[in-house]
Number of protein chains: 2
Amino acid sequence: MSFASATAVGHVLGDVYQGAVEPGWDILGATNGGYLMALSARAMAQVAERPNPVTITAHFLNPAGPGPVTIDTNLLKTGKRFATVQARLNDPQHSLVALQGTFGDLQPSSALKRFEAGPPELPPPEECVGVEPADTFPPPIFAKIEVRLHPDDVPLLSDSPRQPRIRGWFRLRNGEPIDTFAVLLAVDGFPPAIFNTDQPPAWTPTVELTAHVRAVPVRDGWLACAFTTRFITGGFLEEDGEVWDATGRLIAQSRQLALVPRRLRK
Amino acid sequence: MSFASATAVGHVLGDVYQGAVEPGWDILGATNGGYLMALSARAMAQVAERPNPVTITAHFLNPAGPGPVTIDTNLLKTGKRFATVQARLNDPQHSLVALQGTFGDLQPSSALKRFEAGPPELPPPEECVGVEPADTFPPPIFAKIEVRLHPDDVPLLSDSPRQPRIRGWFRLRNGEPIDTFAVLLAVDGFPPAIFNTDQPPAWTPTVELTAHVRAVPVRDGWLACAFTTRFITGGFLEEDGEVWDATGRLIAQSRQLALVPRRLRK
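Calculation notes
In this convention, every chain numbers its residues from 1, walking through the sequence in written order. Lettering for chains starts from A, numbering for ligands starts from 1, and both go in the order in which the items are written. Given that the model is predicted, a residue must reach a pLDDT of at least 70 before its local features are reported, and side-chain atom pairs must reach 80 or more before they are shown or counted; all residues, however, enter totals for whole chains, interfaces and linings. Every helix listed is a DSSP run of H or I at least four residues long, and every strand listed is a run of E at least two residues long, numbered separately from the N terminus. As a reference, a globule follows 2.2 Å times the number of residues to the power 0.38, and the radius of gyration itself is taken over C-alpha atoms. Field definition: a residue is buried when 20 or more other C-beta atoms are found within 10 Å of its C-beta, exposed when 12 or fewer are, and partly exposed for counts in between, with C-beta atoms placed from the backbone. We call two residues in contact when their backbone-placed C-beta atoms lie within 7 Å. Under the scheme applied, nonpolar residues are Ala, Val, Leu, Ile, Met, Phe, Trp, Tyr, Cys and Pro; charged residues are Asp, Glu, Lys and Arg; polar residues are all the others, including Gly. Superposing the copies works by least squares over the C-alpha atoms of residues that have pLDDT at least 70 in both of them. For two strands to be treated as a pair, DSSP must find at least two bridges joining them. Expected helix span is given by 1.5 Å per residue-to-residue step, counting one fewer step than there are residues.

> Just give me the short version of the overall build of chain A, but keep the residues and values in it.
Scanning chain A from terminus to terminus reveals 3 helices and 17 strands. Taking 2.2 N^0.38 as the reference for a compact globule, 266 residues should give roughly 18 Å; the C-alpha atoms of chain A span a radius of gyration of 18 Å, in line with that estimate. Out of the 266 residues in chain A, the part that is buried amounts to 51%. For chain A, restricting intrachain contacts to residue pairs at least 6 apart in sequence, the fraction spanning at least 24 positions comes to 68%.

What follows is the structure, encoded as structure tokens:
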């Protein structure tokens, strides 16, 4: 099943939409946060009557397994360029994700541009390390997304000094084109940057993830992505992401706050 | 009036709290976003029954002037350590700010720590440049907060090459102690980093601001703050902030998405 089908939503009544968490988008049983954000964002974009997420924040409340879901939306403001929506993704028992986002129509712009940095330096995809799905690890979601890691950022392959950084290429499997909702998947689609250290924690549950989408990516080709963690303190870590498209344009920035597992914190 | 009094809220009924946007916290007539976030967060923390914002996101819907406000809250989940709340700050006519946040009890932690960077290098406060309020510019809010800028980051004072970075010290006036709500003010209390460039836009309205609070700052002393903008593209810019306390601990990170004014974008 394509990403587009696996995140499709339908209008039910009033502000309520429905969809399904499809199987196969999980990591060790918990459905990927970027997938849940993309699914919810499709309903939010419909109620916003705008095609693209511009900035969207998700707080993850409960782990999600496959099955039917509803998205309760609340359109807070419609302006000339943007509309802002609050939402909740629910299964029949629980609220799974709380979301808040601003939607708009991202257009190529001749606007003022200034860049203090460029895309990550990556060898071509064929010289990077493909993450291939297995029954447990790497998880089955890598049958849905295609991720190729910079060889320097794969601990077992490289003698480079370890630092909490993961760079690599991302695309959907089977040549499915990338839209701004797939970008929400890309920002949560890589192994945590903290895995690329000498003492990686086993599991870093995400509390909150915010993505800013700056531009619509070209439909075809790989996204160049880079993720870094700078501060582990107070029981938390942040992970900052950048996504660039095949033409070298900045597509998105992301930041998430994750928990350092308790057993590793002392 | 102290910051604590100017952001005090009272319970009305059910999930609704009340307070007031006090005069003097504005920049050219629009009340500061960090102040509005702090005011709302006090109500959210009450309904969460947790003392500290851990991660909070605000979308700014309409400019706010002085006057009575209500905060409509919705407690989404209470867990062992955290509680998550959606909220809206409203004046009698409009929704002003939409918020979503996770609250907890931030404790000094002997946890795993790893830092890839440290506090900004700042001369002592007495060698920095104080921002003193005027009737128009600098705006009157600088009578409420005390900001001292790194001399290298003040365009008219320094011959250093300009870059979109602002570093400096922050505290409340009159020796008022700093709590985690005042930290929300600090992350929006400096001139935009983009002002420190050769062609600064006059005004960059904030679409969305997210702050992660990692620790409770020591009550007394200055906060060391640094703000940078790396990417201006698509009509947007981001501004990333870091806040450190007087003992050198990381207190908060922030990121906002702001609009580059239209007249400057072509």
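That shown, we press on.
> Let's hear about the interface of chain A and chain B: which residues, and what values?
With 45 residues of chain A in contact, the opposing surface of chain B contributes 45 residues. Partitioning the side of chain A that touches chain B into residue classes produces 17 nonpolar, 16 polar and 12 charged.

> Explain the relation of the copies chain A and chain B to me, using residue names and the numbers behind them.
Superposing chain A onto chain B takes a rotation of 180 degrees plus a shift of 0.0 Å along the axis, which leaves an RMSD of 0.0 Å. When the rotation and shift are considered jointly, the pair of chain copies conforms to a two-fold rotation axis. When you check the interface residues of chain A against chain B, 100% turn up at the interface there too, and the contact is symmetric in its surfaces.

> Go over unusual backbone geometry, please, and point to the residues and values.
All names here are of chain B. The backbone of glutamate 49 shows a phi angle near 55 degrees, a positive value even though the residue is not glycine. Residue asparagine 174 is not a glycine yet carries a positive backbone phi of 60 degrees. Mapped onto the elements of the fold, asparagine 174 is located in the loop between β12 (165–172) and α3 (180–186). Looking at asparagine 174, the number of C-beta atoms within 10 Å reads 9, which means it is exposed.

> Can you break down the environment of alanine 43 of chain B residue by residue, with the values?
All names here are of chain B. Along the polypeptide, alanine 43 turns up in helix α2 (residues 33–48). Since 29 C-beta atoms lie within 10 Å of it, alanine 43 is described here as buried. Measuring from C-alpha to C-alpha, the distance between alanine 43 and aspartate 72 comes to 8.7 Å, with 29 residues separating the pair along the chain. Setting aside residues up to four positions removed in sequence, alanine 43 forms contacts with Val9, Tyr17, Ile71, Thr73 and Ala87.

> Could you give me a rundown of the pairing of strand β14 (residues 223–228) of chain A, with the residues and numbers involved?
All names here are of chain A. Of all the 6 residues making up β14, 5 are buried; the element is thus mostly covered by neighbouring parts of the structure. Direction of pairing for strand β12 (residues 165–172) relative to β14: antiparallel, over a ladder of 6 bridges. Residue arginine 167 lies in a different strand from β14, and its bridge partner there is alanine 226.

> Describe in detail the pairing of strand β6 (residues 67–78) of chain B, supporting the description with residues and values.
Note on strand geometry: in a regular strand, side chains alternate between the two faces of the sheet. Residues and elements named next belong to chain B. Bridge analysis of strand β2 (residues 16–21) against β6 gives 6 bridges, and the strand direction is antiparallel. Paired with alanine 20 across the strands is proline 68, a residue of β6. Inspection of the sheet shows β6 paired to strand β7 (residues 83–90) by 8 bridges, in the antiparallel sense. Bridge assignment links leucine 75 to a residue of β7, and that residue is valine 85. A loop of 4 residues connects β6 with β7, the two strands running antiparallel in sequence.

> I'd like a rundown of helix α2 (residues 33–48) of chain A, residues and numbers included.
Along its 16 residues, α2 of chain A runs 22 Å from first to last C-alpha, staying within 8% of the 22 Å computed at 1.5 Å per residue. Burial runs high along α2 of chain A: 14 of the 16 residues are buried.

> I'd like a rundown of the environment of arginine 249 of chain A, residues and numbers included.
Residue and element names in this part refer to chain A. Position of arginine 249 among the secondary structure elements: in the loop between β16 (236–244) and β17 (250–259). Each C-alpha atom, one on arginine 249 and one on glycine 118, is 8.8 Å from the other, the two residues being 131 residues apart in sequence. When neighbours within four sequence positions are excluded, arginine 249 is seen to be in contact with Ala215 and Trp244.

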